[in-house]
Amino acid sequence: MTHLERHTRLFERIARPYSWFFAGQTRSYAACFEAAGSALPDPRGRRALDIGCGTGAFTAALKSAGWDVSGVDAARAMVSQAGRRGVSCTLADAVGGLPFPDKSFDLVSAAYVAHGLKAPERARLFAEAKRLSKEVVLFHDYSGKRRLLTDIVEYLEGGDYFNFIENGLDELKRAFSSVSVIEVGPQSAWYVCRP
Ligand SMILES: C[S@@+](CC[C@H](N)C(=O)[O-])C[C@H]1O[C@@H](n2cnc3c(N)ncnc32)[C@H](O)[C@@H]1O
C-alpha cells in the first residue's frame, strides 16, 4: 500500500470524530480570514476550489468570506461528512489529477493537506493547484513554530510534518512565482502563492 493510500484510509476512519470539531474549526478559520483576508483578491463573483476540504470547515469559512466555493477530497467518508454540513464537496484525488480544465478557479486553497503528503506527492499537489488557479493559491498549514503535543500527534499521524516545517517553504518557492507567508495562529500560517 502506498503512503497516499494509507493516508486516505486514515481519514476514512476518522471522518466522524473529525466532524465533531467542525463548528470550532470553522470559527477559527473565519478569524484567519478576518485577520488576513486582505491578502487575497476581492471574492465577489469569484470561484474558489478547496482541495482536501475534509468535513468542510475551511470551505465554509471561504464561503462566509464571500467566495463561491466548492471542495474536493480523496476520502469518501470526509466527502459524506462535508455534505451533511451543507458543504459542496466531491470525491477526487489531487495527487492523481483533478477533473477540471486549466485555470478553472480564481483561488485554489488547501488547509492542512500539504504537510500530510510526502514530498513527491506534495509537489503534485502544488502543480495541480497552480494549474487550476488563475490568480492565487492559498495553503493554510503549519508554520515552523513547534509544540510538543503537535509533534506527538503528527508523529502518530505518520504524514510528513517534520519535513514540511523544515523544507515546505523552499518547496513552495520553487513551485510558484512568489510566496508570502502570513502568521495566522500560534503554529499556523497562510502561504499565499502566485501561479
Ligand atoms: C488534515 S485533513 C484537513 C481537512 C480540512 N482541509 C480542514 O482543514 O479541516 C486533510 C484532508 O486532506 C485530504 N486529502 C489528503 N490527500 C488528498 C489528495 N491527494 N486529494 C484530495 N484530498 C486529499 C484527506 O482526505 C483529508 O480530508
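Whatever comes next refers back to the structure up there.
It should be emphasised that the depicted structure is a prediction, and the values quoted were computed from it without experimental measurement.

S.K.: So what's going on with the sheet that holds strand β5 (residues 133–142)? Which residues, and what values?
M.R.: The seven strands are arranged β3-β2-β1-β4-β5-β7-β6 in an open sheet whose pairing can be described as mixed. Two strands bound the open sheet, and with one partner strand each, they are β3 (89–91) and β6 (178–183). With strand direction ignored, the average angle separating the axes of adjacent strands in the sheet is 20°. Looking at chain direction, β5 and strand β7 (residues 188–194) are connected through six bridges and run antiparallel.

S.K.: Go over the side chain of T55 with me, naming the residues and quoting the values.
M.R.: Residue placement: T55 occurs in the loop between β1 (47–51) and α3 (57–64). Since its relative accessible area comes to 1%, T55 is described here as buried. Not counting residues up to four positions away in its chain, the partners in contact with T55 are A15, Y18, S19, F22, Q25, M78, Q81, A82, R85 and V87.

S.K.: Would you mind going over the side chain of D50 in detail, with residue names and values included?
M.R.: Looking at where D50 falls in the secondary structure, it is placed in strand β1. Only 2.8 Å separates the side chain of D50 from the side chain of S109, close enough to count as a polar contact. Apart from residues lying up to four places away in sequence, D50 is in contact with F58, T59, L62, V69, S70, G71, V72, S109, A110 and A111.

S.K.: So what about the pattern of salt bridges? Which residues, and what values?
M.R.: For the structure shown, the criterion picks out 10 salt bridges. Notably, a salt bridge pairs D106 with K134, separated by 3.7 Å at the nearest N-O pair. Remark: K134 occurs in strand β5 and D106 occurs in strand β4 (residues 105–111); sequence separation between them is 28 residues. Put simply, K145 and E183 hold a salt bridge, and the shortest N to O gap is 2.9 Å. With a gap of 38 residues between them, K145 in the loop between β5 and α6 (148–157) and E183 in strand β6 connect regions that are remote in the sequence. The partly exposed category is assigned to K145, whose relative accessible area is 43%. Residue E183 is classed as partly exposed on the basis of its relative accessible area, which comes to 47%. Put simply, R46, D106, K134 and E135 are held in one network by salt bridges that share partners.

Procedures and definitions
- Residues numbered from 1 in each chain as written.
- Predicted model: local features only at pLDDT ≥ 70, side-chain atom pairs only at ≥ 80, totals over all residues.
- Heavy atoms only, no water.
- Pairing = 2+ DSSP bridges.
- Helix = DSSP H or I, 4+ residues; strand = E, 2+ residues; numbered from the N terminus.
- Axes fitted to C-alpha atoms, helices over the stretch in contact; angles between N-to-C directions.
- Buried < 20%, exposed > 50% of the residue type's maximum accessible area, 1.4 Å probe, protein only.
- Contact = heavy atoms within 4.5 Å.
- Polar contact = N/O pair within 3.5 Å; in protein donor to acceptor, adjacent residues only side chain to side chain.
- Salt bridge = Lys/Arg side-chain N within 4 Å of Asp/Glu carboxyl O.

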